[in-house]
Amino acid sequence: HGTRGDALCFVGPESDLSKGKSFTCPRCKARVKDLPQACHVCGLSLVSSAHLARSYHHLFPVPLFLEVGPVKQEQGAANVPKDCSACGKPLESLTLQCPECKELYCITCDVFIHEQLHNCPGCG
């Protein structure tokens with residue numbers, strides 16, 4: 001009776017694992033049939049790059065943007081609204097600012113960034 005690391009798995013000639021339809025754990029080199037799952041030998045979470053790419057924005061979400069008052073830029077004697085960093089339209093009402101790069105966005109672009117793009121354009 002060994003420990004978990006001493007376990008062996010027999011792969012017969014009719015098994016999908018013996019036909020190359022498997023994945024190898026990068027830590028312990030054990031073979032598993034499907035992803036995502038934990039390695040049955042060392043317990044490492046195994047996922048495909050496609051799974052990771054689809055879930056990246058859930059693991060590292062864009063921080064919520066901060067509401068700032070109407071932002072004006074000096075242009076001669078008149079104050080005119082600054083432009084949205086994403087769409088280029090003047091920021092006339094609700095203005096939001098990325099807490100990391102300090103870029104300013106309109107509410108429409110804020111919604112698009114957080115719900116569709118999952119990446120702040122200013123942070124690059």
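All values reported here derive from a predicted model rather than from experimental measurement. (Residues numbered from 1 in each chain as written. Predicted model: local features only at pLDDT ≥ 70, side-chain atom pairs only at ≥ 80, totals over all residues. Heavy atoms only, no water.)

The next subject is the overall build of the protein. Summing up its helical and strand segments, the protein has two helices and nine strands in all. The helix and strand sequence of the protein, counted from the amino end, reads β-β-β-β-α-β-β-β-β-β-α. With 124 residues in all, the protein has 19% of them scored as buried. As displayed, the protein has an accessible area near 8,800 Å², and 55% of this comes from carbon and sulfur atoms. (Helix = DSSP H or I, 4+ residues; strand = E, 2+ residues; numbered from the N terminus. Buried < 20%, exposed > 50% of the residue type's maximum accessible area, 1.4 Å probe, protein only. Areas by Shrake-Rupley, 256 points an atom, 1.4 Å probe, with all protein chains shown as cover.)

What follows is about the environment of Leu64. Structurally, Leu64 can be placed in the loop between helix 1 (49-59) and strand 5 (66-68). Taking the C-alpha atoms as reference points, Leu64 and His114, 50 residues apart in sequence, are found 8.0 Å from one another. The residues contacting Leu64, other than those within four sequence positions of it, are Pro99 and His114. (Contact = heavy atoms within 4.5 Å.)

In the structure shown here, the tally under the stated rule is two aromatic pairs. Judged by centre distance (5.0 Å) and plane angle (45 degrees), the ring pair of Tyr56 and Phe60 falls under tilted. Taking the centre distance of 5.2 Å and the plane angle of 20 degrees together, the rings of Phe65 and Tyr105 count as stacked. With a gap of 40 residues between them, Phe65 in the loop between helix 1 and strand 5 and Tyr105 in strand 9 (residues 104-106) connect regions that are remote in the sequence. Each member of the pair Phe65 and Tyr105 is classed as buried. (Phe/Tyr/Trp six-rings, centres within 6.5 Å; stacked < 30°, edge-to-face > 60°.)

With that settled, the discussion passes to a nonpolar patch on the surface. Residues Val47, Leu52, Tyr56, Leu59 and Phe60 make up a contiguous nonpolar surface patch of roughly 510 Å² in combined accessible area. Its location among the elements puts Phe60 in the loop between helix 1 and strand 5. (Patch = residues over 30% accessible without salt bridge, like charges linked within 9 Å, V, L, I, M, F, W, Y side chains within 5 Å. Salt bridge = Lys/Arg side-chain N within 4 Å of Asp/Glu carboxyl O.)

With that settled, the discussion passes to the sheet that holds strand 5. Within the open sheet, the three strands sit side by side as 5-8-9. Their pairing is antiparallel. Each edge of the open sheet is held by one strand with a lone partner, namely strand 5 and strand 9. The sheet shows a mean angle of 45 degrees between the axes of neighbouring strands, taken without regard to direction. In this sheet, strand 9 lies alongside strand 8 (residues 95-97) in antiparallel orientation, the contact comprising three bridges. Residue pairing in the sheet places Gln97 in a bridge with Leu104 of strand 9. Relative to the sheet, helix 2 (residues 107-117) contacts strand 8 and strand 9, its axis offset from that of strand 9 by approximately 100 degrees. (Pairing = 2+ DSSP bridges. Axes fitted to C-alpha atoms, helices over the stretch in contact; angles between N-to-C directions.)

Nothing here speaks to function; it is all geometry.
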